[in-house]
Amino acid sequence: MVKIRGLVAFQNRVRDELLRGVPPEKLDTFRRNIESAVTAVKKLCDDYGMTPDELPGPSRNAYRYLASIDLSSIPATEPSAVQQPRTVKLTRVVSTVNVLSARLWAVRDRLLNDERVFAAVRDELAASARRVEELCAAAGADPSMLDGRTRPAYCWLKFLSEGKRLEDHLLALRSARAAAIRHLPRQRHEIHFLAMSAMWKMDRTRTATRHRFHEGFIACPEPFWDDLFKALGANRRDEFGRMLTATTTEEPFQEVSCELESYAEPGKEHSQGRHYDLDSVFARVNSAYFGGQMQRPVLTWSRRLTSRMFGYYRFANDRLMASQSLDDPSVPEFVVDFIMYHELLHKRLGHLEAASDRRRFHTPAFRAEERRFQEFEEATVFLRQLSERMLASR
Ligand SMILES: [Zn+2]
């Protein structure tokens, strides 16, 4: 399979620049870069005797996006406008996260048993996130402009301090640790859940075997950890890898992922996509399923293509995000409608559920409501396959 390295990243950069406007003096270079990327992809495909339509999903979407840009009407910034930095680099955010994650591991049981310790650690996470926000503001930027390594680290701090997820994180540490000890009793273990691009990494520190999992795995129930470490203990690495990958396509994982990412989305709304307009999607779903009674949330496409999560609704700022991966002619309209419907259900049912101390988003009541969607089966099958295709082509 032909993969084109860097094409998706290039597309994301182009998209960011189009959203912000391109300074007039850079317009020529900007156009030339897009043209030469499009030409290079065509040529490369030619060399392999294929068309760009046969590229794996993310590359194909990136190519289509780039090829569809109208180079004659690129939005330009005012010459006098203050230029915002494209990315902000902050040192020490990643190391702060590593230190705090080690703390969570070291005092996990006390955190769960002592409300004062719990509150103190959450305040520390919040203070670290605030510090990042202040540094961004001082640079005339916001956290959505943080560079690739720092942005997830910032999201992690926000997620654990604001998202009421710290307890889930600690309970997952406890379940994973118990399973690790059960199936690998001769080793000392150290476990972390982090916002990282890999799903799992294992290495050795001086004193222990260190497992780092993507934060999304905090959504996994106890039996998952038992099966997972059982496979690892028996050295069945293939099975272990398959279990990890399968989990990442499931909704609980995707929602944690999406919640994480949502903390560093740009503040302004971006509802008109390349292909679908979230405004009309909302209007359609609102009238078909909510009698037109639903208040419109802030509607926005995610900035990045995602393969594991397709939508997210956040109560705190009444913001509904749909994944850019769905903004494509190959995705049927009813699939985008379904994501809208699902997320709006969270908006409608969420306040009741928030009353319980651990938020359980997908209650049986939620699931029953979800099934009212007319093409429920078709939409869920399509999303699962899309996710699997995108993961396979990475
Ligand atoms: Zn959901």
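Reading the values: rules and limits
- Residues numbered from 1 in each chain as written.
- Predicted model: local features only at pLDDT ≥ 70, side-chain atom pairs only at ≥ 80, totals over all residues.
- Helix = DSSP H or I, 4+ residues; strand = E, 2+ residues; numbered from the N terminus.
- Expected span 1.5 Å × (residues − 1).
- Buried ≥ 20, exposed ≤ 12 C-beta atoms within 10 Å, placed from the backbone.
- Contact = placed C-beta atoms within 7 Å.
- Axes fitted to C-alpha atoms, helices over the stretch in contact; angles between N-to-C directions.
- Parallel < 35°, antiparallel > 145°, perpendicular 65-115°, else oblique.
- Left-handed = near helix turned anticlockwise from the far one by under 90°.
- Pairing = 2+ DSSP bridges.

*Asks:* Can you lay out helix 7 (residues 150–162) for me, pointing to particular residues and giving the numbers?
*Replies:* Between its first and last C-alpha atoms helix 7 spans 18 Å; for 13 residues at 1.5 Å apiece the expected length is 18 Å, and the two agree. Of all 13 residues that make up helix 7, twelve are buried, and the element is covered over most of its length. Along helix 7, the residues classified as buried are Thr150, Arg151, Pro152, Ala153, Tyr154, Cys155, Trp156, Leu157, Lys158, Phe159, Leu160 and Ser161. In this structure, the buried side of helix 7 is in contact with helix 4 (93–106), helix 6 (115–138), helix 8 (166–183), strand 1 (189–194) and helix 11 (251–262). At the exit of helix 7 stands Lys164, carrying a positive phi of roughly 55°.

*Asks:* Break down helix 11 for me, with residues and values.
*Replies:* Taking 1.5 Å per residue, twelve residues should reach 16 Å; helix 11 reaches 16 Å between its end C-alpha atoms and fits that length. Residues Phe253, Gln254, Glu255, Val256, Ser257, Cys258, Glu259, Leu260, Glu261 and Ser262 constitute the buried set of helix 11. At its buried positions, helix 11 is contacted by helix 7, helix 10 (237–248), strand 5 (311–314) and strand 6 (319–322).

*Asks:* Tell me what's going on with the packing of helix 2 (residues 27–47) against helix 3 (residues 57–68), and back it up with residues and numbers.
*Replies:* Any two packed helices are characterised by the angle at which their axes cross and by the distance between the axes. Contact geometry of helix 2 with helix 3 gives a least axis separation of 9 Å together with a crossing angle of 135°. As the angle between them shows, helix 2 and helix 3 are arranged oblique. Handedness of the helix 2/helix 3 crossing: left-handed. Contacts between helix 2 and helix 3 involve Ile34, Ala37, Val38 and Val41 from the former and Tyr63, Leu66 and Ala67 from the latter.

*Asks:* Describe the pairing of strand 2 (residues 200–204), and please don't skip the residues or the numbers.
*Replies:* Among the five residues in strand 2, zero count as buried, and that is only a small part of the element. Direction of pairing for strand 2 relative to strand 3 (residues 209–214): antiparallel, over a ladder of five bridges. Considered in strand 3, the bridge of Asp203 is made with Arg210. Between the end of strand 2 and the start of strand 3, which pair antiparallel, lie four residues.

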